[in-house]
Amino acid sequence: MSLQNMEQLSAMHFDVLREIGNIGQGNAASSLSQMLSQAIDISVPTVKLLDFNESVEYLGGPENVVLGMLVGLKGDINGMMLYVLQKNFANSMLNSVFGKQINDLTELDEMDISFIQEIGNILAGSYVNAISSLTGLTIDISVPTISIDMAGAILAVPAVEFAQIGNSVLFIDDSFIFGDSPSGGDSSEIKSNMILVPELSSLETLFSKLGIEV
């Protein structure tokens, strides 16, 4: 059966996507831990199927200012990944390396944005490498394009793709736990939200490689 829209995905498909997200998140945590010279733990990612309005509300509402990193996917898997980061994510990263705190995402300067862009490379690369290692598929990623805007405006970019894949997108909720000890008092948890917008034929290719029917 050919995949016509995202709504056809079953619980088994979501379990697979969750496991891929878990591997990718673990890889990202290891890379970030080395980069930031501090312990980083993870929790199991949540994978949801949300429509445009639900996605915007989940990110704090249409007027909530966020940082969006758009990454294009080409090769055996085609589509895009949109990472949406809140202020506390940027603060945790910047404070770890530069000892810097910001009150608003609009305060990020050119060096800050370049650093966050490298974080985006790590996040996207870790997720794509997880897919490639499990399936043997070849996937190239573009350099992340960064925008700082209201959530409604940030999500308008992948929204133009929604009509091609149905009314819903894959919304992956990752959590990174920063601190010397995951249970220590100094630990802090920050979220990285990823919206995955693959071509439907690419999803079929992914599941087929894993021996799962759609």
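If you're wondering where the values come from, they're calculated on a predicted model, not measured in any experiment.

What counts, and at which threshold
- Residues take numbers from 1 onward in each chain, read along the sequence in its written order.
- Local features in this predicted model are restricted to residues of pLDDT 70 or higher, and side-chain atom pairs are both shown and tallied only at a pLDDT of 80 or more, whereas totals for entire chains, interfaces and linings draw on every residue.
- The basis for every side-chain value is the complete set of non-hydrogen atoms in the structure, without hydrogens or water.
- Patch construction takes residues with relative accessible area above 30% that form no salt bridge. Like charges are linked within 9 Å, and nonpolar side chains (Val, Leu, Ile, Met, Phe, Trp, Tyr) are linked within 5 Å.
- Note on areas: Shrake-Rupley, 1.4 Å probe, and residue coverage restricted to the protein chains presented here.
- Basic side-chain nitrogens of Lys or Arg form a salt bridge, by our definition, when they fall within 4 Å of a carboxyl oxygen of Asp or Glu.
- Under the DSSP-based scheme used, a helix requires at least four consecutive residues in state H or I and a strand at least two consecutive residues in state E, with every element numbered from the N terminus.
- Ring geometry is summarised as follows: Phe, Tyr and Trp rings, the Trp one being its six-membered ring, pair when their centres sit within 6.5 Å, and such pairs are stacked at plane angles under 30 degrees, edge-to-face over 60 and tilted between the two.
- Throughout, exposure labels follow a simple rule: accessible area from a 1.4 Å probe, protein chains only, divided by the maximum for the residue type, with under 20% read as buried, over 50% as exposed, and the rest as partly exposed.

### Section: a nonpolar patch on the surface
Stage number 1. On the surface, Val-97, Phe-98 and Met-111 cluster together to form a nonpolar patch covering roughly 270 Å² of accessible area.
Stage number 2. Within the fold, Met-111 resides in helix 4 (residues 110–135).

### A word on the packing of aromatic side chains
Stage number 1. One pass over the full model with this rule turns up three aromatic pairs.
Stage number 2. Arranged with centres 6.5 Å apart and planes meeting at 75 degrees, the rings of Phe-89 and Phe-176 form a pair that is edge-to-face. Of the two residues, Phe-89 is situated in helix 3 (residues 87–98) and Phe-176 in strand 6 (residues 168–178); the sequence distance between them amounts to 87 residues.
Stage number 3. Note on Phe-89: relative accessible area 0%, which makes it buried.
Stage number 4. The interplanar angle of 70 degrees and the centroid separation of 5.4 Å between the aromatic rings of Phe-98 and Phe-115 together place this pair among those described as edge-to-face. Of this pair, Phe-98 sits in helix 3 while Phe-115 sits in helix 4, placing them 17 residues apart in sequence.
Stage number 5. Judged by relative accessible area, which is 37%, Phe-98 ranks as partly exposed.
Stage number 6. A residue is classified by how much of its surface remains accessible, and Phe-115, at 10% relative accessible area, is buried.

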